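# An overview of the molecular structure
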2 protein chains.
Amino acid sequence: VTIPEFGQIAWLPDNAGVQILDQTLLPGEERRLEITTIEQMAEAIGRLRVRGAPLIGVAAAMGVAGAIRRLGAAATRRAVLDACDYLGKTRPTAVNLRWALDRMARHADAVEEGETLGRAMVEEAQAIWDEDQAMCRRIGEAGLPLVPTGATVMTHCNAGALATGGIGTALAPVYLAHQAGRRVSVIADETRPLLQGARLTAWELSRAGVPVTVITEGMAASRLRVGDITCVLVGADRIAANGDVANKIGTYGLALAARAHGVPFYVAAPASTFDPATPDGAAIPIEIRKEEEVRGWTGVQWAAPAARVWNPAFDVTPAELVTGYLTDAGRLSAAELGRLRR
Amino acid sequence: VTIPEFGQIAWLPDNAGVQILDQTLLPGEERRLEITTIEQMAEAIGRLRVRGAPLIGVAAAMGVAGAIRRLGAAATRRAVLDACDYLGKTRPTAVNLRWALDRMARHADAVEEGETLGRAMVEEAQAIWDEDQAMCRRIGEAGLPLVPTGATVMTHCNAGALATGGIGTALAPVYLAHQAGRRVSVIADETRPLLQGARLTAWELSRAGVPVTVITEGMAASRLRVGDITCVLVGADRIAANGDVANKIGTYGLALAARAHGVPFYVAAPASTFDPATPDGAAIPIEIRKEEEVRGWTGVQWAAPAARVWNPAFDVTPAELVTGYLTDAGRLSAAELGRLRR
C-alpha cells in the first residue's frame with residue numbers, strides 16, 4: 001500500500017507554466033490543463049478547476065512563477081506584483097492564497113529583474129509546494145492516533161490530496177492509517193452544491209483502496225446517531241486567531257451534529273490557513289457564489305425557476321465546537337494555535 | 001389572493017380511477033397520469049410520483065376505491081383486502097398509508113358486495129380526502145399565529161399542498177398568512193436526494209405568489225445563525241406516542257441547528273400521522289431506498305462509481321427538539337398528542 005499520487009498539479013517543461021487536473025470534470029474524466037498565463041490560472045481558480053485552500057496557494061504561486069519565467073529577460077518585479085494582485089482577487093475566503101502570493105511578492109523584492117527573477121520565482125513556488133507536501137504529512141502524523149484500526153471517519157467536502165499539493169489535510173491521517181495497514185473507512189457527504197464529497201473525496205479514497213460511503217448532507221446527523229463514527233475530520237479555508245474556522249458551507253451544521261452526539265470534531269490545516277490578523281469568524285469574508293450552482297448541476301436545472309437562491313460558499317464553525325486542530329505543528333487546542341509558524 | 005389549487009389528485013369520470021400529478025417531473029413538466037389499477041397506484045407511490053404522507057393516504061384510498069368501482073357487480077371484500085395489503089407494502093415509514101387502507105378495509109366489512117361495495121369505497125375515499133383538506137386548514141389555523149407579517153419560515157422537503165389533498169401541513173400556516181395579506185417568505189432547503197424542496201416546495205410557493213429562497217441543506221445552520229428565521233415548520237411521516245417524529249432525511253440535523261440558535265421548531269401533521277401504537281422513534285421502520293438516488297439525479301451520475309452509498313429516506317427527530325405540533329386539534333405539546341382522534 002502506498003500513498004496515492006493523483007497528479008493534481010505539476011510543472012510544465014522548463015517551469016514555463018503549470019499543469020493542473022481539471023477537478024470540475026472528476027470523477028467522469030481525468031483531463032489535465034496547461035496553464036501558462038495569469039488569466040488562465042485566475043479562471044482555473046475562480047471556476048474551481050483547481051480548488052482546496054492549500055492547493056490554491058500552491059497553484060497560485062506556481063502560476064505566478066510560470067508566467068514570470070516565460071517573460072525571460074523581460075521579467076520585472078512590477079509583473080510579479082501585478083500577477084499577485086490579480087490572482088489574489090479570485091477567491092476571498094481562503095487565506096492560503098493571499099499568504100502564498102504575499103510570499104512570492106516578498107521574495108521578488110530581493111531579487112534582480114530578468115532571468116534571475118524568473119528562476120527565483122520558480123524556486124520559491126517549488127519551496128511552497130515542497131512545504132505543503134511536508135505539512136500534509138505532518139498533519140497526517142498529528143491525526144494518526146485518532147484513526148485506529150476499525151475507525152470510521154466522517155468528512156465533508158474534499159480536504160484530501162486533491163485539495164493540496166500532497167496527501168491532503170483531513171484525509172492525511174486516513175491515508176497514513178491505511179498505509180500502516182489499519183482497516184479504516186470513510187463516510188463522505190456529497191457536499192452540495194459542487195459535490196466535492198461525492199465527486200472528489202469518494203474518487204481519491206476509492207482510488208487509494210480506502211472504503212468510502214457517500215451520503216447526502218441531510219444524512220450526517222442520522223449517521224452520527226448510529227454510533228459508528230470515530231471522529232469527524234474536515235479541512236479549513238481560514239482559521240481565525242480565536243480558532244473559529246471558515247470552511248466549506250455545511251461544516252457548521254456538521255459540527256453541531258457531531259457535538260450533539262459527542263463525536264470528536266477535528267479541523268486539519270497547515271499553518272498557512274491560520275490567520276492571526278483575523279480576530280474571529282465574524283471578520284472572515286464569506287464568498288457568495290452564483291445562483292446557478294444551487295439551481296442544479298452541470299446543465300440540469302431542477303429548482304423552480306421563480307425561486308430565489310442564497311449561495312454562500314463557506315460557513316464559520318465557532319472554536320467551541322472544535323475538539324482540536326491537526327496542524328503541521330501537531331495536534332493543537334484553540335489556545336495553542338499561536339504556535340503555528342507561517 | 002386565494003389558496004392555490006394544484007390538481008395534485010382528482011377522480012377520473014365516474015370515479016373509475018384516479019388522476020395524479022406526476023411529481024417526479026416537476027417543476028419542468030406538469031403531467032397528469034390516469035391510474036386505474038392497484039398496480040399502477042403501487043408504482044406511482046413507490047416511485048414517488050405521488051408522495052407526501054397525507055397525500056399517499058388519500059391516493060391509496062382513492063386508488064382502492066377506483067379499482068373496486070371498476071369491478072362493478074364483481075366487487076368483493078376479498079378484492080378490497082387484497083388491494084389494501086398490496087398498497088400497504090409500498091412504503092413502510094408513513095403511517096397515514098396504513099391508516100387510510102385500514103379504514104377502507106374496515107369500511108368494506110359492513111357493506112354488501114357488488115356495485116354497492118364500489119360505491120361505498122368511493123364514498124369512504126372521498127371522506128378521507130375531504131377530511132384531509134379540512135385537516136390541512138385546521139393545521140394552518142393552528143400555525144397562523146407563528147407566522148406574523150414579516151415572518152421568514154424555514155422548511156424542509158415538501159410538506160405543502162403537493163404533499164396533501166389540501167393546502168399542505170407545514171405550508172398551510174404560510175398560505176393562510178399570505179391569504180390574510182401578511183408579508184411572509186420561505187427558505188426551502190433543496191432536500192437531497194430527491195430535491196423535493198427545490199423542485200416542489202419552491203414550485204408551489206412561487207406559483208402561489210409567496211417569495212421563496214432555495215438553499216442547500218448545508219446552508220441551513222448558517223442561515224439560522226443569520227437571525228432572520230421566525231420558525232422552522234416541517235411535516236411528518238409518523239409521530240410516535242412519545243412525540244418522536246419520523247420525517248424526510250435531514251429533518252433531524254435541521255432540528256439540531258434550530259435548537260442551537262433558539263429558533264422554534266414545529267412539526268405539522270394531521271391526526272392520521274400520529275401512531276400511538278409506536279412507543280418512540282426507535283420503533284419506527286426507516287425505509288432504505290436505492291443507491292442510485294444518492295449517486296446523482298435523473299440520468300446524471302456524479303458520485304465516484306467505486307464508492308458505496310447509504311440512503312435512508314427518513315430520520316427521527318426526538319420529541320425534545322420539537323417546540324410543538326401543529327395538528328387538526330390545534331397546537332399541541334408532546335404530552336398532549338394523545339388528544340388527537342384518528
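Further up the page is the structure itself.
The model shown is predicted, which means the values in this text are computed figures rather than measured ones.

## Here we look at the overall build of chain A
In terms of regular secondary structure, chain A is built from ten helices and 17 strands. Relative to a compact globule of 342 residues, whose C-alpha radius of gyration would be 20 Å, chain A shows 19 Å and is just as compact. Across its three principal directions, the C-alpha atoms of chain A cover 65 × 50 × 40 Å. A total of 342 residues make up chain A; the buried ones form 65% of that total.

## Structural notes on the sheet that holds strand β6 (residues 212-215) of chain A
Taken together, eight strands build an open sheet; the order of strands is β17(A)-β16(A)-β10(A)-β7(A)-β4(A)-β5(A)-β6(A)-β14(B) and the sheet is mixed. Where the open sheet ends on each side, the last strands, each with one partner, are β17 (330-332) of chain A together with β14 (308-309) of chain B. Where strand β7 (residues 231-234) of chain A and strand β10 (residues 265-268) of chain A come together, three bridges link them in parallel fashion. From the neighbouring strand, V234(A) faces β10(A), where its bridge partner is V267(A). Where helix α5 (residues 115-143) of chain A meets the sheet, its contacts fall on β10, β16 (324-327) and β17 of chain A, and the angle it forms with β16(A) comes to roughly 140°.

## Regarding the relation of the copies chain B and chain A
Superposition of chain B onto chain A requires a rotation of 180° combined with a translation of 0.0 Å along the rotation axis, giving an RMSD of 0.0 Å. In the structure described here, the two chain copies are related by an operation that fits a two-fold rotation axis. Comparing contact sets, 98% of the residues at the interface of chain B also lie at the interface in chain A, consistent with an isologous, same-surface contact.

## Observations regarding the environment of I229(B)
Residues and elements named next belong to chain B. Structurally, I229 is set in the loop between α8 (220-226) and β7 (231-234). Of the residues examined, I229 reaches a relative accessible area of 8% and is grouped as buried. A C-alpha to C-alpha distance of 7.2 Å links I229 and V263, two positions 34 residues apart in sequence. Leaving out residues up to four positions away in the same chain, I229 has contacts with T152, M154, I187, R223, L224 and V263.

## Brief notes about the pattern of salt bridges
Following the criterion strictly, the structure yields 39 salt bridges over all chains and no others. For R47(B), the salt bridge goes to E43(B), with nearest N and O atoms at 3.5 Å. According to the relative accessible area criterion, E43(B) is partly exposed, its value standing at 32%. The residue D275(B) makes a salt bridge to R238(B) at a minimum N-O spacing of 3.0 Å. Placement of D275(B) in strand β11 (residues 274-275) and of R238(B) in strand β8 (residues 238-240) is noted, with a sequence separation of 37 residues between them. Side by side, D275(B) and R238(B) carry an identical accessibility label, which is buried. Each member of the salt-bridge network shares a partner with another, and the members are D22(A), E43(A), R47(A) and R49(A).

## Here we look at the packing of helix α3 (residues 77-88) of chain B against helix α4 (residues 95-109) of chain B
All names here are of chain B. Where α3 contacts α4, the axes come no closer than 9 Å and their chain directions differ by 175°. Taken together, the axes of α3 and α4 are roughly antiparallel relative to one another. Contacts between α3 and α4 involve R77, V80, L81, C84, L87 and G88 from the first element and L97, R98, L101, M104, A105, A108 and D109 from the second. In the contact of α3 with α4, the residues fall into nine nonpolar, one polar and three charged.

## Observations concerning the packing of aromatic side chains
Scanning the model with the defined rule gives five aromatic pairs over all chains in all. Aromatic pair F6(A) and W203(A): ring centres 5.4 Å apart, planes at 45°, arrangement tilted. Taken together, the residues span a long stretch of sequence, with F6(A) in the segment before β1 (9-11) and W203(A) in helix α7 (residues 196-207) at a distance of 197 residues. With relative accessibility at 6%, the residue W203(A) sits in the buried group. Aromatic side chains W297(A) and W302(B) sit 6.3 Å apart centroid to centroid with 75° between the ring planes, which places their arrangement in the edge-to-face category.

## With respect to the sheet that holds strand β4 (residues 152-155) of chain B
One open sheet accounts for eight strands, arranged β14(A)-β6(B)-β5(B)-β4(B)-β7(B)-β10(B)-β16(B)-β17(B); its pairing is mixed. Each edge of the open sheet is held by one strand with a lone partner, namely β14 (308-309) of chain A together with β17 (330-332) of chain B. Bridging between β4(B) and strand β5 (residues 185-189) of chain B involves four bridges; their strand directions are parallel. Bridge assignment links V153(B) to a residue of β5(B), and that residue is V186(B).

## Details of empty space enclosed by the protein
Throughout the structure, instances matching the rule amount to eight cavities of 30 Å³ or more. In this structure, the largest cavity spans a volume of roughly 290 Å³. Around the largest cavity, the lining is made up of 22 residues, and of these E217(A), G253(A), L254(A), E217(B) and G253(B) lie nearest the centre. At the level of secondary structure, the elements contributing two or more residues to the lining of the largest cavity comprise α8 (220-226) and α9 (251-260) of chain A together with α8 and α9 (251-260) of chain B. For the lining of the largest cavity, a count of residues per class yields ten nonpolar, eight polar and four charged.

## Overview of the interface of chain B and chain A
With 51 residues of chain B at the interface, the matching set in chain A holds 50 residues. With both sides pooled, the region where chain B packs onto chain A buries about 3,900 Å², and carbon together with sulfur makes up 68% of that total. Taken as a group, M219(B), W302(B) and W310(B) account for 19% of the area that chain B buries against chain A, more than any other trio of residues on that side. The tally of links between chain B and chain A comes to two salt bridges.

## Focus on the environment of Q8(B)
Residue and element names in this part refer to chain B. Following the sequence through the fold, Q8 ends up in the segment before β1 (9-11). Relative accessible area serves as the criterion here: at 5%, Q8 is assigned to the buried category. On a C-alpha basis, the gap between Q8 and T213 in space is 23 Å, while along the polypeptide they are 205 residues apart. The contacts of Q8, once residues within four sequence positions are left out, are Q19, I20, L21, L55, A161, L162, T164, G165 and G166.

## Considerations on helix α3 (residues 77-88) of chain A
Residues and elements named next belong to chain A. Over its twelve residues, α3 runs 16 Å from end to end, which matches the ideal 16 Å to within 8%, given 1.5 Å per residue. Those residues of α3 lying buried are V80, A83, C84, L87 and G88. Projected down its long axis, α3 shows its buried positions confined to an angular sector of 125°, all on one face. Those residues of α3 that are buried lie in contact with α1 (38-46), α2 (53-71), α4 (95-109) and α5.

## Side note on helix α6 (residues 172-179) of chain A
All names here are of chain A. Across the eight residues that make up α6, a large majority, seven, are buried. Residues of α6 that are buried in the fold lie against α5, β4 (152-155), β5 (185-189), α7, β7 and β16. Of the residues trailing α6, G181 is marked for its positive phi of about 85°.

## Considering the state of the cysteines
Residue and element names in this part refer to chain B. This model, assessed by the stated rule, comprises zero disulfides over all chains. Not engaged in a disulfide, the cysteine C136 finds its nearest cysteine sulfur in C157; these two sulfurs lie 15 Å apart. Distance from the sulfur of C231, which forms no disulfide, to the nearest cysteine sulfur (C136) is 17 Å.

## Notes on the packing of α2(A) against α3(A)
Residues and elements named next belong to chain A. Close contact between α2 and α3 brings their axes to 10 Å; oriented N to C, the two are set at 145°. When you trace α2 past α3, the crossing you get is right-handed. Between α2, through A60, V64, I68 and L71, and α3, the contact on the second element is made entirely by A79, V80, A83, C84 and L87. For the contact of α2 with α3, the residue count by class is nine nonpolar, no polar and no charged.

Procedures and definitions
Residue numbers here run from 1 along each chain, matching the order of that chain's written sequence. The order in which chains are written sets their letters, starting at A; the order in which ligands are written sets their numbers, starting at 1. Local features are withheld for residues below a pLDDT of 70 in this predicted model, meaning they are given only at 70 or higher, and side-chain atom pairs are given and counted only at 80 or more; totals for whole chains, interfaces and linings count all residues. Side-chain measures here rest on the full set of heavy atoms in the structure, leaving out hydrogens and waters. Segments assigned H or I by DSSP are reported as helices when at least four residues long, segments assigned E as strands when at least two residues long, and all are numbered from the N terminus. For the radius of gyration, the atoms used are the C-alpha atoms, and the globule rule reads 2.2 Å times the number of residues raised to 0.38. Relative accessibility under 20% of the residue-type maximum defines a buried residue, over 50% an exposed one, and the middle range a partly exposed one, all with a 1.4 Å probe and only protein chains included. Any two strands with at least two DSSP-identified bridges between them are counted as paired. Residue contacts follow a heavy-atom distance rule, with two residues in contact if any of their heavy atoms lie within 4.5 Å. Where helices are involved, their axes are fitted lines through C-alpha atoms of the stretch in contact, as for all axes, and angles between N-to-C directions lie from 0 to 180°. The atoms used to superpose the copies are C-alpha atoms, taken from residues with pLDDT of at least 70 in both, and the fit is least squares. For this analysis, a salt bridge means a side-chain nitrogen from Lys or Arg found within 4 Å of a carboxyl oxygen belonging to Asp or Glu. In this scheme, roughly parallel covers angles under 35 degrees and roughly antiparallel covers those over 145, while 65 to 115 is roughly perpendicular and the rest are oblique. Side-chain classes are defined by residue name, with Ala, Val, Leu, Ile, Met, Phe, Trp, Tyr, Cys and Pro counting as nonpolar, Asp, Glu, Lys and Arg as charged, and the others, Gly among them, as polar. Centres within 6.5 Å are what make two rings of Phe, Tyr or Trp a pair, Trp counting through its six-membered ring; a difference in plane orientation under 30 degrees is then read as stacked, over 60 as edge-to-face, and the rest as tilted. Of the two site types, the cavity is a set of points on a 1 Å grid over the protein atoms alone where a 1.4 Å probe fits but cannot get out, and the pocket is an open set with protein on both sides within 12 Å along at least five of seven lines, each lined by residues with an atom within 4 Å of a point. Grid points are joined across faces, edges and corners, and a volume is the space filled by probe spheres set on the points. Buried area, as used here, totals the accessible surface that two parts lose on assembly, with accessibility defined by a 1.4 Å probe and the loss added over both. To estimate how far a helix should reach, multiply one less than its number of residues by 1.5 Å. It is the directions from the helix axis to the C-beta atoms whose arc is reported. Any cysteine sulfur atom paired with another within 2.5 Å is treated as part of a disulfide. Whether a crossing is left-handed or right-handed is set by the direction in which the near helix is turned from the far one by less than a right angle, anticlockwise for left-handed and clockwise for right-handed.

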